[in-house]
Amino acid sequence: MTEMAQGINKILLFRRLADQQKEAAKLVFQTEHTFAYNRSLDRIVTKDGTIIKVGELEAEVGIEAIQGKSDPVFKMLQDAVIKGEKLEIWEVTVDEDAKEGEKYPAVYAQGYLDSWEPSAGAEDDATVSSNFIVEMHPQFGMATLTVDQEEAAQYAFRDTTSDGSSGGGVEG
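Residues numbered from 1 in each chain as written. Predicted model: local features only at pLDDT ≥ 70, side-chain atom pairs only at ≥ 80, totals over all residues. Heavy atoms only, no water.

Q: Please set out the overall build of the chain residue by residue, giving values where relevant.
A: Helices and strands together make up the secondary structure of the chain, namely 2 helices and 7 strands. Looking at the chain residue by residue over its 172 residues, the buried ones come to 29%. Taking the contacts inside the chain whose residues are at least 6 apart along the sequence as the reference set, 61% of them involve residues at least 24 apart. Element-wise, carbon and sulfur atoms account for 51% of the exposed surface of the chain, whose accessible area totals about 11,600 Å². (Helix = DSSP H or I, 4+ residues; strand = E, 2+ residues; numbered from the N terminus. Buried < 20%, exposed > 50% of the residue type's maximum accessible area, 1.4 Å probe, protein only. Contact = heavy atoms within 4.5 Å. Areas by Shrake-Rupley, 256 points an atom, 1.4 Å probe, with all protein chains shown as cover.)

This is the structure in structure tokens:
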């Protein structure tokens, strides 16, 4: 039986395209994102009836997060929009039920941020909104997460001993 996908299991990872030697990293405190696919359809009225001319696919990712006090990914993304640097983005579904071996389902794309909007209301959390414009078409596949990336998505079970190693305590 099919189960519902949970938004909390979908995270975004980012990397500057120029930093291929580095691992992608997660923007902390992500609250919401939307991977949108759009295609213009032009209606052409002919004497035989209306026909449709199909335009090119356009994709973008709307991003919402609460600002972290010292998040290096926040700074990297802010610098990238200011400098017009090309980025890589992954939407990874961190769901053990969808995992194949050591890989998770993912959508990968390259593109640019066209906006970066930090806000700081007097009675609210400081947030940031951004929009990632995808160049060409997103690619679908499976992505490997490092231990650090998995821990950024959700901390792992630790034992009750002082160093977290097994040997006594409660096992999950």
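Q: Mind laying out the pairing of strand 6 (residues 103–119), listing which residues take part and the relevant values?
A: Note that strand 5 (residues 87–93) and strand 6 share 6 bridges and pair antiparallel. Along strand 6, the bridge assignment pairs V92 with A106. In this structure, strand 6 lies alongside strand 7 (residues 127–144), joined through 15 bridges in antiparallel fashion. Within strand 7, the residue paired with L113 across the bridge is F132. (Pairing = 2+ DSSP bridges.)

Q: Kindly report on the pattern of salt bridges, identifying the contributing residues and their values.
A: Applying the stated criterion to the full structure yields 7 salt bridges. We note a salt bridge from E102 to K99, for which the minimum N-O separation is 3.8 Å. When its relative accessible area of 56% is taken as the criterion, E102 is described as exposed. (Salt bridge = Lys/Arg side-chain N within 4 Å of Asp/Glu carboxyl O.)

Q: Can you tell me about the nonpolar core, naming the residues and giving the values?
A: Soluble globular proteins tend to pack their nonpolar side chains together in the buried interior. Judged by nonpolar contacts, the single largest core of 22 residues is most densely connected at F14, L27, I63, L77 and F132. At the level of secondary structure, the elements contributing two or more residues to this core comprise strand 1 (10–16), strand 4 (49–66), helix 1 (72–83), strand 5, strand 6 and strand 7. In terms of residue count, the dominant contributor to this core is helix 1 (5 residues). When near neighbours in sequence (up to four residues on either side) are disregarded, I63 contacts L12, F14, L27, E32, H33, L113, V128, S129, S130 and F132. Grouped together as the second largest cluster of nonpolar side chains are 9 residues, L13, W90, V92 and A143 included. (Core = buried A, V, L, I, M, F, W, Y, C linked by side-chain atoms within 4.5 Å.)

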